[in-house]
There are 2 protein chains.
Amino acid sequence: MPQDVFQAIADPTRREIIDMLAGQSMPVNDVAANFDMSRPAISRHIKILNECGLVVIRKEGRKRYCHADPQKLQEVIEWTYRYRKFWNEKLDALEAALGENDQSQ
Amino acid sequence: MPQDVFQAIADPTRREIIDMLAGQSMPVNDVAANFDMSRPAISRHIKILNECGLVVIRKEGRKRYCHADPQKLQEVIEWTYRYRKFWNEKLDALEAALGENDQSQ
DNA sequence: TCAATATGTAACAATTTAGTTACGCAAATA
DNA sequence: TATTTGCGTAACTAAATTGTTACATATTGA
């Protein structure tokens, strides 16, 4: 069952886990230690994130180092990207800049 | 209960509704006609989208015209934006362009 | 080898989700 | 006015979600 990415990020705890694992690898227990929730609950959240590719796991001895792989957020980004004209000014500026500077395409 | 946006877009039917209402206003019944699902089910999806601000409703006689307000996708966009370095090349180009052209800040 | 550690998973319960049909009501229309 | 239309909502059900505790297992270390 390849989990749906939109479904995976619907849970706030899972978003926190992604944030936590974006810049660093951590064993499952260390992740769980950061939450006011049982370890098995976190273990299952990580499993869901892993099943949809948002978290990859490297096994090392008895530890399983997890880290986020935001590549799979692409689907979400692409969907929201259709509504980019509603983004904030910074992103509008980005687009304007590209328009004036588009020599790479 | 102000619905959570991430939760709201987790459902594929609701994402379809947003897509459908992004460029046009439609009465609830017309939206429902596009789905293989009962009208009350669609009505509730629209209610959820309305409660989190993703769909606004203009009442006109006995019809309720719905249209998408992607402004509220901002929260999703902002969260995924942290992982922009994993975006596709087009967006990478956007950033590069801003970097070379940043006189407005 | 034996105990501690790291982790997954089963079993269970509570809650939420998502759909259905039935019904109610206001607005439009014949 | 009587009927049709557009739509919300209640009542119900089935399934999924999310948490818990208890237990199993593999790895590490004393």
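It should be noted that the structure appears before, not after, this text.
Residue numbers restart at each chain and count upward from 1, following the sequence in its written direction. Here the convention is simple: chains get letters from A, ligands get numbers from 1, in the order in which they are written. Selection of residues for local features in this predicted model requires a pLDDT of at least 70, selection of side-chain atom pairs for listing and counting requires 80 or more, and totals for whole chains, interfaces and linings are taken over all residues. Note that the side-chain values use all heavy atoms of the structure and ignore hydrogens as well as water.

A word on the protein's contact with DNA strand C
Convention followed: We call a residue near a molecule or strand when any one of its heavy atoms sits within 4 Å of it. We define a polar contact as two N or O atoms separated by no more than 3.5 Å, with the added condition that, inside protein, one atom must be a possible hydrogen donor and the other a possible acceptor, whereas residues neighbouring each other in sequence contribute only through side-chain atom pairs. Only runs of H or I of at least four residues qualify as helices and only runs of E of at least two qualify as strands under DSSP, and these elements are numbered from the N terminus. When residues are sorted by character, Ala, Val, Leu, Ile, Met, Phe, Trp, Tyr, Cys and Pro go into the nonpolar class, Asp, Glu, Lys and Arg into the charged class, and all the rest, Gly among them, into the polar class.
Around DNA strand C there are 21 residues in total, and N29(A), S43(A), R64(A), S38(B) and H45(B) lie nearest to it. In DNA strand C, atoms within 4 Å of the protein come 65% from sugar and phosphate. Between N29(A) and DNA strand C, the recorded distance is 2.6 Å, taken from a backbone N or O atom to a phosphate oxygen. At 2.4 Å from a phosphate oxygen of DNA strand C is found a side-chain nitrogen or oxygen belonging to H45(B). Among the secondary structure elements, those contributing two or more residues to the surface near DNA strand C are α3 (28-33), α4 (39-51) and β3 (63-68) of chain A together with α4 (39-51) of chain B. Among the residues forming the surface near DNA strand C, the class breakdown is six nonpolar, six polar and nine charged.

Examining the protein's contact with DNA strand D
Around DNA strand D lies a shell of 21 residues, among which S38(A), H45(A), R39(B), S43(B) and R64(B) are the nearest. The sugar-phosphate share of atoms of DNA strand D within 4 Å of the protein amounts to 66%. Between DNA strand D and R14(A) there is a distance of 3.1 Å, counted from a phosphate oxygen to a side-chain nitrogen or oxygen. A distance of 3.4 Å separates a phosphate oxygen of DNA strand D from a polar side-chain atom of K47(B). Listed by contribution, the elements that provide at least two residues to the surface near DNA strand D are α4 of chain A together with α3 (28-33), α4 and β3 (63-68) of chain B.

Examining the packing of helix α2 (residues 12-21) of chain A against α4(A)
Residue and element names in this part refer to chain A. Our working definition: Angular values range over 0 to 180 degrees, each being the angle between N-to-C directions of two axes fitted as lines to C-alpha atoms, with helices fitted over their stretch in contact. We call two directions roughly parallel when the angle between them is under 35 degrees, roughly antiparallel when it is over 145, roughly perpendicular when it lies between 65 and 115, and oblique otherwise. Whether two residues are in contact is decided by their heavy atoms, any of which lying within 4.5 Å being enough.
In contact at an axis separation of 10 Å, α2 and α4 are set at 75° when each is read in the N-to-C sense. Here α4 runs roughly perpendicular to α2, going by the angle between their axes. Residue-level contacts link T13, R14, I17 and I18 of α2 to I42, H45, I46, I48 and L49 of α4. Per-class residue counts for the contact of α2 with α4 are six nonpolar, two polar and one charged.

Examining the side chain of T80(B)
By the secondary structure assignment, T80(B) is in helix α5 (residues 74-81). Here the side chain of T80(B) touches I77(B) through a polar contact of 3.0 Å, landing on its backbone oxygen.

Section: the packing of aromatic side chains
Applied cut-off: Note on aromatic pairs: the rings of Phe, Tyr and Trp (six-membered ring only in Trp) are paired at centre separations within 6.5 Å, and the planes decide the class, stacked below 30 degrees, edge-to-face beyond 60, tilted for the rest. The cut-offs for exposure are 20% and 50% of the maximum accessible area for each residue type, with area from a 1.4 Å probe on protein chains only; residues under the lower value are buried, those over the upper are exposed, and the others partly exposed. Charge over a ring is defined by NZ of Lys or CZ of Arg lying within 6 Å of the ring centre and within 35 degrees of the ring normal.
Counting across every chain of the model gives two aromatic pairs over all chains. Pairing F6(A) with W79(A) gives two aromatic rings, centres 5.9 Å apart and planes at 90°, and the pair type is edge-to-face. With F6(A) in helix α1 (residues 5-8) and W79(A) in helix α5 (residues 74-81), the pair connects residues that are 73 residues apart, well separated along the chain. Each member of the pair, F6(A) as well as W79(A), carries the same accessibility label: buried. The aromatic ring of F6(B) is capped on one face by R15(A), whose charged end is 3.8 Å from the ring centroid.

Regarding the sheet that holds strand β1 (residues 26-27) of chain A
All names here are of chain A. To be explicit about the condition: Should DSSP find at least two bridges between two strands, the strands are regarded as paired.
The antiparallel open sheet is built from three strands, whose spatial order is β1-β3-β2. In the strand order of this sheet, the two ends are held by β1 and β2 (55-60), each with one partner. The pairing of β1 with β3 spans two bridges and is classified as antiparallel. Note that in β3 the partner of P27 across the bridge is Y65. Most of the contacts of α2 go to β3, to which it runs at about 95°, and overall it touches β1, β2 and β3. Set on the sheet, α4 makes contact with β2 and β3; between it and β2 the angle comes to about 110°.

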